[in-house]
Amino acid sequence: MREIAAFLRAHRSFVILGHVDPDGDAIGSALGLAGMLRAEGRVAQVLLPGGVPDTYRFLPRTDEVGASLEDLDPETEAVVVLDSTSPSRLASLEPLADGSRPLANVDHHPDNSRFGAPAFVDPTACATALLLYELARDHDFTIDAEVASFLYTGIVTDTGRFTFSNTDARGLAAAAELTRLGAEASRIATRVYATHSPSSLRLLGAVLATLEVHEQGRVACVQVTNRMLEECGATSEDADGFSGLARSVEGVSVGLFFRETEGGTKVSFRSNGGVSIHGVASRFGGGGHSSASGARLPFPLEEAKARVLVAVAEHLESLV
């Protein structure tokens, strides 16, 4: 962490990058670090592949976030990659991690490839935003109320409102301190978790109707197809909060969410009861955490579902 602090103080201008399909941690971490750097008199730009999803547009400064290589300030000196296991997770922004500029890597995913120099990866942290809070706390970077809200967003979303198994005293203490520093905890929770468009609620009903239970009740899955999106007048972003639905079924150890995509299927793996599903996701070229991982399969939805269900069943059998 000392090396990260030194890196940030050794350069004048930065571009901060996060992964494709950015979640609350990627967005909150990137905006939070940008605010911390600006308070130091540095220039900081945030680029996220595809931009910021509508769910998080309520956060300040999201209108300043770029979405493509064309948005890069050519005068930028250094790169910081956050919450991304490898440069490939940057999608269209991957060329910015080609080594032509000094690059630092801060992440909490256990399968991070440790690219960049310096690279700071702490899999015991519940969120990358937690690591940035600790960076500020221990190395005298400023956290104002706006930055506090950004970092709190990262922590509250990556712990699923403090319900996931990665919730611990370390993350809760950071959330409490960020609230004291001005994070709008109630507003953030309301906007992320309790504000829905009519189309997203129609889609939720359709998704729940696809529920299947397998392996004597230990595995459950739901799915969304492009046709369902069209019939509900919804977009893919309307399904962003559905990855944990199947896990909530009583008695389920592994919950799966399948989403039809262009050229294949995106799968979200979620687990209960100490069952690690990171290894299953990695079999399909994915990754993440022990209880929350994801993968993209180059197969139609039904074929992808069949393959994943077999792999999950084999994994659960190996644990007996």
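Below is a summary of the structure that appears in this document. (Residues numbered from 1 in each chain as written. Predicted model: local features only at pLDDT ≥ 70, side-chain atom pairs only at ≥ 80, totals over all residues. Heavy atoms only, no water.)

With respect to the packing of aromatic side chains
And step 1. Under the counting rule described, the total for this entry stands at 3 aromatic pairs.
And step 2. Considering the side-chain rings of Phe7 and Phe14, the 6.2 Å spacing of their centres and the 55° angle between planes classify their relative orientation as tilted.
And step 3. When the ring of Phe242 is compared with that of Phe257, the centres are 6.4 Å apart and the planes differ by 80°; the resulting orientation is edge-to-face. In this pair, Phe242 sits in the loop between α8 (226–232) and β8 (254–261) while Phe257 sits in strand β8, placing the two residues 15 residues apart along the sequence. Across this residue pair, the class does not change: Phe242 and Phe257 are buried.
And step 4. One cation-aromatic arrangement involves Arg161 over Tyr193; the distance from NZ or CZ to the ring centre is 4.1 Å.
And step 5. The positively charged end of Arg307 is found above the aromatic ring belonging to Phe299, 3.9 Å away from the centroid. (Phe/Tyr/Trp six-rings, centres within 6.5 Å; stacked < 30°, edge-to-face > 60°. Helix = DSSP H or I, 4+ residues; strand = E, 2+ residues; numbered from the N terminus. Buried < 20%, exposed > 50% of the residue type's maximum accessible area, 1.4 Å probe, protein only. Lys NZ or Arg CZ within 6 Å of the ring centre and 35° of its normal.)

Thoughts on the side chain of Thr159
And step 1. Structurally, Thr159 is set in the loop between α4 (145–158) and α5 (169–180).
And step 2. For Thr159, a relative accessible area of 1% translates into the label buried.
And step 3. Excluding residues that lie within four positions of it along the chain, Thr159 makes contacts with Cys126, Phe164, Asn166 and Thr167. (Contact = heavy atoms within 4.5 Å.)

Considerations on the side chain of Ser199
And step 1. On the secondary structure map, Ser199 appears in helix α7 (residues 198–208).
And step 2. Beyond its immediate sequence surroundings of up to four residues, Ser199 is in contact with Cys232, Gly233, Ala234 and Asp238.

Focus: the pattern of salt bridges
And step 1. A complete count under the given rule lists 17 salt bridges for this structure.
And step 2. Measuring nitrogen to oxygen at the nearest pair gives 3.1 Å for the salt bridge that ties Glu40 to Arg9. Placement of the pair is Glu40 in the loop between α2 (24–39) and β2 (43–47) and Arg9 in helix α1 (residues 2–10), with a sequence separation of 31 residues.
And step 3. Given the relative accessible area of 32%, Arg9 is considered partly exposed.
And step 4. For Lys305, the salt bridge identified is with Glu212, shortest N-O distance 2.9 Å. A residue pair is termed long-range when its members are at least 10 positions apart, and Lys305 in helix α10 (residues 301–319) and Glu212 in strand β6 (residues 212–214) qualify at 93 residues.
And step 5. Take Lys305: its relative accessible area is 5%, and that puts it in the buried class.
And step 6. Taken together, the shared-partner salt bridges connect Asp21, Lys266 and Arg296 into one network. (Salt bridge = Lys/Arg side-chain N within 4 Å of Asp/Glu carboxyl O.)

Observations concerning the sheet that holds strand β7 (residues 219–224)
And step 1. Spatial ordering of the open sheet is given by β6-β7-β8-β9-β11-β10, a layout of 6 strands whose pairing is mixed. Each edge of the open sheet carries a strand with a single partner, namely β6 and β10 (287–288).
And step 2. The sheet contact formed by strand β9 (residues 264–271) and strand β11 (residues 292–297) spans 6 bridges and is antiparallel. From the neighbouring strand, Thr265 faces β11, where its bridge partner is Leu297.
And step 3. Strand contacts of α10: β6, β7, β8, β9 and β11, with the helix running at about 160° to β8, the strand carrying the most contacts. (Pairing = 2+ DSSP bridges. Axes fitted to C-alpha atoms, helices over the stretch in contact; angles between N-to-C directions.)

These values are about where atoms sit, not about what they do.
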